[in-house]
Amino acid sequence: MARMRVFVWDVPVRLFHWLLAASFTGAFLTAESERYRDVHVALGYTVLGLVAFRLLWAFVGTRYARLSSFAFGPRAVVDYLESIVTFRPQHYVGHNPAGSWVIYALVVLALVTGAAGYATYNDIGGHWVEDFHEGAANVMLTLVFVHIAGVVVSSLVHRENLVKAMVTGYKWVTRSGHASGPAD
Ligand code: HEM
Ligand code: HEM
């Protein structure tokens, strides 16, 4: 089947993604040490700034960066997952429905973790805020693993290198494939 190269992820999306992955990882690695507290706080603010930018870009960015191209309801998520387990995978050029939901959760958790970190740092709220901050960061870490597992599984199922696409910005799609719905 004819395949064509499609530009999917614009530069801001790719920069956002890899900077987010790096700053989240860095914030996690520096979390426990008093010595690196300033670094931790700076990386935490970086996470917050990146997410704020991405929320804006979700409305003014290029086609696949926009939320409207990956705003899926629960039915679409169930249908997509069903298509995977029955070996009749639905193809999406942009984010697939299941991946999109993990992305929403990651974005919300980044905001919640960052806000709780800010409160902890500025002694707002009680001791529970500190525990909440740590708990939210751990839930987010778990979801990052789910996200990476999802990327690996869908790369295998769709026989496309999604990680490479998040680096170069391009994906290969079949000619019958279309943008925001199941392709074939
Ligand atoms: C470590 C923390 C990470 C976080 C917080 C994170 C978060 C995200 C978010 C928010 C998106 C949506 C991108 C957008 O539309 O702007 C995304 C997409 C993506 N991420 Fe990550 N990510 C992380 C690590 C990784 C790693 C290590 C990989 C590679 C194995 C990866 C591969 C991808 C890919 C391939 C996509 C695009 C998925 C698709 O084609 O729909 N991510 N990630
Ligand atoms: C959004 C990314 C962030 C992640 C993943 C993260 C993660 C964590 C984790 C896991 C801990 C617990 C460390 C431990 O005691 O075992 C922690 C502690 C802490 N974080 Fe964050 N954090 C983030 C953002 C922030 C921000 C934005 C601030 C401040 C503005 C902040 C301030 C703190 C402080 C002050 C502590 C020490 C709490 C204590 O005294 O035990 N964090 N962070």
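Just so you know, these numbers come straight off a predicted model, no measurement behind them.

Colleague: Just to check I follow, could you spell out the site of ligand 1 for this structure?
Modeller: By nearness alone, 21 residues border ligand 1, and Ala-21, His-95, Val-144, Leu-162 and Met-166 come closest of all. Among the elements of the structure, α1 (11-29), α4 (97-121), α5 (127-157) and α6 (162-168) are those that each provide at least two residues to the shell around ligand 1. When the residues that make up the shell around ligand 1 are grouped by side-chain class, the tally is 15 nonpolar, 5 polar and 1 charged.

Colleague: What is the right way to read the site of ligand 2 from this model?
Modeller: Near ligand 2 lie 22 residues; those nearest to it are Ala-31, Gly-44, Gly-117, Tyr-121 and Ala-137. For the shell around ligand 2, the elements supplying multiple residues, two or more each, are α1, α2 (37-60), α4 and α5. The biggest single contributor to the shell around ligand 2 is α4, with 7 residues. Each residue belonging to the shell around ligand 2 can be placed in one class, and the counts come to 12 nonpolar, 7 polar and 3 charged.

Colleague: How should I be thinking about α1 in this particular structure?
Modeller: Residues spaced three or four apart along an α-helix point in a common direction, a consequence of the helix completing one turn every 3.6 residues. In this model α1 runs 27 Å from its N-terminal to its C-terminal C-alpha over 19 residues, within 8% of the 27 Å that 1.5 Å per residue would give. Among all positions of α1, only Ser-23, Phe-24 and Ala-27 are buried. Around the axis of α1, the buried residues are gathered within 105° of arc, so they sit on the same side. Of the exposed residues in α1, the ones pointing more than 90 degrees away from its buried face are Val-11 and Trp-18. In this structure, the buried side of α1 is in contact with α2.

Colleague: Teacher, can you tell me more about the nonpolar core here?
Modeller: Soluble globular proteins: nonpolar side chains tend toward being buried together. Core analysis: the largest hydrophobic core is formed by 11 residues, namely Phe-24, Ala-27, Leu-43, Val-47, Leu-50, Leu-109, Ala-110, Ala-116, Ala-136, Ala-137 and Met-140. Listed by contribution, the elements that provide at least two residues to this core are α1, α2, α4 and α5. Discounting chain neighbours no more than four positions away, the residues touching Val-47 are Leu-20, Ser-23, Phe-24, Ala-27, Ala-110 and Gly-114. Phe-72, Ala-76, Tyr-80 and Val-102 belong to the second largest nonpolar core, which has 6 residues in total.

Parameters and conventions
Within each chain, residues carry numbers counting from 1 in the order of the written sequence. To label them, take the chains in the order written and letter them from A, then take the ligands in the order written and number them from 1. Only residues with pLDDT of 70 or above have their local features reported here, since the model is predicted, and side-chain atom pairs are shown and tallied only from 80 upward, although totals for entire chains, interfaces and linings are computed over all residues. Near, for a residue, is defined by distance from a backbone-placed C-beta atom to a molecule or strand, with 6 Å as the limit that must not be exceeded. Labels follow the DSSP assignment, with helices taken as runs of H or I lasting at least four residues and strands as runs of E lasting at least two, numbered in each case from the N terminus. Just so you know the grouping, Ala, Val, Leu, Ile, Met, Phe, Trp, Tyr, Cys and Pro go in nonpolar, Asp, Glu, Lys and Arg go in charged, and all remaining residues, Gly too, go in polar. Expected helix span is taken as 1.5 Å per residue step, with the number of steps being one fewer than the number of residues. Here the C-beta atoms are placed from the backbone, and a residue counts as buried if at least 20 other C-beta atoms lie within 10 Å of its own, exposed if 12 or fewer do, and partly exposed otherwise. The directions considered for the arc are those from the helix axis to the C-beta atoms. Any two residues are considered in contact once their C-beta atoms, placed from the backbone, lie within 7 Å. Remark: nonpolar core denotes a set of buried Ala, Val, Leu, Ile, Met, Phe, Trp, Tyr and Cys residues whose joining runs through C-beta atoms within 7 Å.

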